[in-house]
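Architecture and fold: a report
The residues making up each chain are set out below.
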Amino acid sequence: MSNPSLLMIGGATDEMLSRLTPEFTIHKLSEISDLNAWAAEHGASVEAVMTNGHDGVSPEIMAALPNLKVVSGYGVGYDAVDTDACVARGIKVSHTPNVLNGEVANTTLLLLLAGLRNFRHDEAWARSGDWESKGSAPLSTSPDGKTIGILGLGRIGQEIADRLAIFNPTIVYHTRSKKDVPYTYYGDLVDMAKACDVLVCITPGGPSTNKIVNKEVLEALGPKGMLINVSRGSVVDEDALIVALESGKLGLAGLDVFEREPHIPDALKASDRTVLLPHVGSGTHETRAAMGALTVDNLLQWKTDGSVKTPVPECAHL
Ligand code: NDP
């Protein structure tokens, strides 16, 4: 029997390709110049798609693949995949939960420290010679003993709470449903923001979280408050964030994700109240290798018995 066809949206490492190449006939979207012409010739043969959290699977590609059976996502967030459409067509969708929890938590700590301890300015002070010409750098804020609100206390949110323990924080959280955890629950995000020194966003993206960190939440966090977003750019109202930072109604923002990636608004780049990262929450060799291995595991398991190892909840019954 011939190997099933796999459409690759986005890249794959050599390690991933070495495991996939013997098992699938691979088509790479990056090498397809005319999707319609390609689809007319190959679309019906494609049963599997591999994609990432940013690109997902567009409606055009879904329509071009009438016999699609499995979508394997590289990443835990799958807001760019239309799971309703997949369920309706019986298409299994997998993602890569848990293997990146620690790295995203590390990124959160990095943003927290860089923001509160004024890393950008202190580093510039050291490099520029200001230390010699102007004396000691201005003082910064300790991360110790702060009240830290976690918006989205799931797999990664819990890991963030665990790793924050070194700073002896008071952890509070907001989710739609109360969890069995030793932290104070806030049913209202604005109320939680009022109580916090730092608000960490780590929910999924998608309609239910779209711009839930709005003007009111940002102003509740206040002039000394810090927002950290390692979830999705869509979770924060970016225009409101810029206004809050520029007016001093919000103290600081540490951002790994943005509304229109890879675009970052100039106002955020120019601000001395921001620490910016180019969506590298899970971006280490070690963690990306683990994500790649699980992405491939899902495809190989599907090829073996039609199931996937780590389905997204919406498609777990398929
Ligand atoms: P989980 O599904 O384990 O946790 C999600 C949490 O968010 C749950 O506690 C859930 O609780 C809460 N939540 C969901 N919807 C809402 C809502 N509308 N309002 C309030 N809380 C909500 O996901 P993970 O922890 O594994 O991943 C979280 C997200 O992190 C990913 O979906 C992805 O977008 C992002 N991410 C970012 C990365 C980066 O590089 N920056 C890397 C990896 C992930 P409840 O259902 O009770 O509301």
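Reading the values: rules and limits
- Residues numbered from 1 in each chain as written.
- Predicted model: local features only at pLDDT ≥ 70, side-chain atom pairs only at ≥ 80, totals over all residues.
- Heavy atoms only, no water.
- UniProt positions renumbered as here; feature names shortened; annotations may be inferred.
- Salt bridge = Lys/Arg side-chain N within 4 Å of Asp/Glu carboxyl O.
- Helix = DSSP H or I, 4+ residues; strand = E, 2+ residues; numbered from the N terminus.
- Buried < 20%, exposed > 50% of the residue type's maximum accessible area, 1.4 Å probe, protein only.
- Pairing = 2+ DSSP bridges.
- Axes fitted to C-alpha atoms, helices over the stretch in contact; angles between N-to-C directions.

By the naming in an unreviewed UniProt entry, the protein chain is Lactate dehydrogenase, taken from Litoreibacter janthinus. A UniProt comment under Sequence similarities (unreviewed entry) is attached to the protein chain, and it reads "Belongs to the D-isomer specific 2-hydroxyacid dehydrogenase family."

1. Some thoughts on the pattern of salt bridges
Taken as a whole, this structure holds 12 salt bridges when the rule is applied. One salt bridge in this structure joins Lys303 and Glu23, with 2.7 Å as the shortest N-O distance. Note that Lys303 is positioned in helix α13 (residues 285-305) and Glu23 in the loop between α1 (14-20) and β2 (25-28), a separation of 280 residues in sequence. In this structure Lys303 comes out as partly exposed when scored by relative accessible area, which is 30%. Glu23 sits in the partly exposed class, given a relative accessible area of 28%. The shortest N-O distance in the salt bridge between Lys211 and Glu259 comes to 3.2 Å. Remark: Glu259 occurs in the loop between β11 (252-255) and α12 (266-270) and Lys211 occurs in the loop between β9 (198-201) and α10 (215-221); sequence separation between them is 48 residues. On the basis of relative accessibility, which here comes to 34%, the residue Lys211 falls in the partly exposed class. Among the charged side chains, a network of salt bridges with common partners joins Arg19, Asp297 and Lys309.

2. Digging into the sheet that holds strand β6 (residues 147-151)
Taken together, the 7 strands give an open sheet; going across it, the order is β8-β7-β6-β9-β10-β11-β12, and neighbouring strands pair in parallel fashion. The two strands at the open ends of the sheet, each matched to only one other strand, are β8 (184-185) and β12 (274-276). By the bridge criterion, 2 bridges tie strand β7 (residues 170-174) to β8 in an arrangement that is parallel. Bridge pairing links Val172 to Thr184 in β8.

3. What about the UniProt feature "domain: D-isomer specific 2-hydroxyacid dehydrogenase catalytic" (unreviewed entry) in the protein chain?
Per the UniProt record, "domain: D-isomer specific 2-hydroxyacid dehydrogenase catalytic" (unreviewed entry) is annotated on residues 23-312. Helix makes up 38% of residues 23-312 and strand 16%. Its end C-alpha atoms lie 23 Å apart.

4. Observations regarding the UniProt feature "domain: D-isomer specific 2-hydroxyacid dehydrogenase NAD-binding" (unreviewed entry) in the protein chain
Under the UniProt annotation, the feature "domain: D-isomer specific 2-hydroxyacid dehydrogenase NAD-binding" (unreviewed entry) is placed at residues 110-281. Secondary structure content for residues 110-281 is 35% helix and 16% strand, while the C-alpha to C-alpha distance between its ends is 10 Å.

5. Things to note about the sheet that holds strand β5 (residues 92-94)
Taken in spatial order, the 5 strands line up as β2-β1-β3-β4-β5 in an open sheet, and their pairing is parallel. Among the strands making up the open sheet, the edge pair consists of β2 and β5. Within the sheet, the average angular offset between the axes of one strand and its neighbour, ignoring direction, is 20°. When strand β1 (residues 5-8) meets strand β3 (residues 46-52), the two strands line up parallel, connected through 4 bridges. Its bridge partner being in β3, Leu6 is matched across the sheet by Ala48.

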